[in-house]
Amino acid sequence: MGALVTLDLPEDSPMLGLPWIITFGPLGDADEWEPVVCGPYERPHALALAEAVVAEEQLMAVVEPLLPAVSAEEIRGEIAAAQVAAEDESARIEEADLYGEFEDTIDEELEAAAAEEHRTEPLAPPSEAELRAGFSRIAAKLTGGAA
């Protein structure tokens, strides 16, 4: 069994309505190959597809929203935000090293989250027809049409 990583969002998050992509990659450092990016999908479809794949393979699947940018400035803003977040993360890791093992805390949190997960069977992947209908809804959102 592989691993699935995604954002834990509140039910009213506007990000839930965005198109989502799945990035499949090696689970460990032993395998080295280029990640495979699939999508865009609606979030429930992306999660179900990712679960179906990692249930049978030793892979990591990252399910994340696709942020459609409409200008170079918007892209630059996203890059700047990611850079600031990375700097903040580096500072937190350095600070954690002063007071203990940051990784131990993360591992404990992941184990606790896994213990809370009660589902044993992965979601059934959506059918091709369901995916195509989702593609149509995404295209309508991106072009300003009705969804």
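Shown above is the structure to which this text applies.
I will try to describe carefully the structure that is included in this document. (Residues numbered from 1 in each chain as written. Predicted model: local features only at pLDDT ≥ 70, side-chain atom pairs only at ≥ 80, totals over all residues. Heavy atoms only, no water.)

### A short note on the overall build of the protein
(1) Moving on: Check the secondary structure of the protein and you find 4 helices and 4 strands.
(2) Moving on: Going through the 147 residues of the protein one by one, you find that 21% of them count as buried.
(3) Moving on: Counting contacts in the protein only where the partners sit at least 6 residues apart, residues at least 24 apart contribute 66% of the total.
(4) Moving on: As displayed, the protein has an accessible area near 10400 Å², and 56% of this comes from carbon and sulfur atoms. (Helix = DSSP H or I, 4+ residues; strand = E, 2+ residues; numbered from the N terminus. Buried < 20%, exposed > 50% of the residue type's maximum accessible area, 1.4 Å probe, protein only. Contact = heavy atoms within 4.5 Å. Areas by Shrake-Rupley, 256 points an atom, 1.4 Å probe, with all protein chains shown as cover.)

### So, the sheet that holds strand β1 (residues 3–6)
(1) Moving on: One open sheet accounts for 4 strands, arranged β1-β4-β2-β3; its pairing is mixed. The open sheet is flanked by β1 and β3 (36–41), the only strands paired with a single partner. For this sheet the average axis-to-axis angle between neighbouring strands, irrespective of direction, equals 20°.
(2) Moving on: Sheet strands touched by helix α1 (residues 43–54): β1, β2 (20–26), β3 and β4 (59–65). Its angle to β4, the strand with the most contacts, is close to 175°. (Pairing = 2+ DSSP bridges. Axes fitted to C-alpha atoms, helices over the stretch in contact; angles between N-to-C directions.)

### Quick word on the nonpolar core
(1) Moving on: Ile22, Tyr41, Ala46, Leu49, Ala50, Ala61 and Val63 are the most contacted members of the largest nonpolar core, which totals 13 residues.
(2) Moving on: At the level of secondary structure, the elements contributing two or more residues to this core comprise β2, α1 and β4.
(3) Moving on: Looking at which element gives the most residues to this core, the answer is α1, with 5 residues.
(4) Moving on: Ala50 has contacts with Leu4, Ile22, Phe24, Ala61 and Val63, leaving out every residue within four places of it along the chain. (Core = buried A, V, L, I, M, F, W, Y, C linked by side-chain atoms within 4.5 Å.)

### Examining helix α4 (residues 128–143)
In an α-helix, one turn spans 3.6 residues; hence positions three or four apart end up facing the same way.
(1) Moving on: In this model α4 runs 22 Å from its N-terminal to its C-terminal C-alpha over 16 residues, within 8% of the 22 Å that 1.5 Å per residue would give.
(2) Moving on: Within the sequence span of α4, burial applies to Leu131, Gly134, Ile138 and Ala140.
(3) Moving on: Among the structural elements, β3 and α1 are those in contact with the buried residues of α4.
(4) Moving on: Just downstream of α4 lies Gly144, where phi reads positive at about 85°. (Expected span 1.5 Å × (residues − 1).)

### Focus: the pattern of salt bridges
(1) Moving on: As enumerated under the stated definition, the model contains 3 salt bridges in all.
(2) Moving on: In this structure, Glu73 and Arg76 form a salt bridge, with 2.8 Å as the shortest nitrogen-oxygen distance. Here the residue Glu73 and the residue Arg76 both occupy positions in helix α2 (residues 72–99), the gap between them amounting to 3 residues, near one helical turn.
(3) Moving on: In this structure, the salt-bridge partner of Arg132 is Glu128, at a minimum N-O distance of 2.9 Å. Of this pair, Arg132 and Glu128 both sit in helix α4, 4 residues apart, which is roughly one turn of that helix. (Salt bridge = Lys/Arg side-chain N within 4 Å of Asp/Glu carboxyl O.)

### Considering α1
(1) Moving on: A rise of 1.5 Å per residue sets the reference length of α1, with its 12 residues, at 16 Å; its end C-alpha atoms lie 16 Å apart and thus fit the reference within 8%.
(2) Moving on: Among the 12 residues in α1, 10 count as buried, and that is most of the element.
(3) Moving on: When α1 is considered as a whole, its buried residues turn out to be Arg43, His45, Ala46, Leu47, Ala48, Leu49, Ala50, Glu51, Ala52 and Val54.

### Digging into the packing of aromatic side chains
(1) Moving on: Taken as a whole, this structure holds 1 aromatic pair when the rule is applied.
(2) Moving on: Positioned above the aromatic ring of Trp20 is the side chain of Arg43, whose terminal nitrogen or guanidinium carbon lies 4.8 Å from the ring centre. (Phe/Tyr/Trp six-rings, centres within 6.5 Å; stacked < 30°, edge-to-face > 60°. Lys NZ or Arg CZ within 6 Å of the ring centre and 35° of its normal.)

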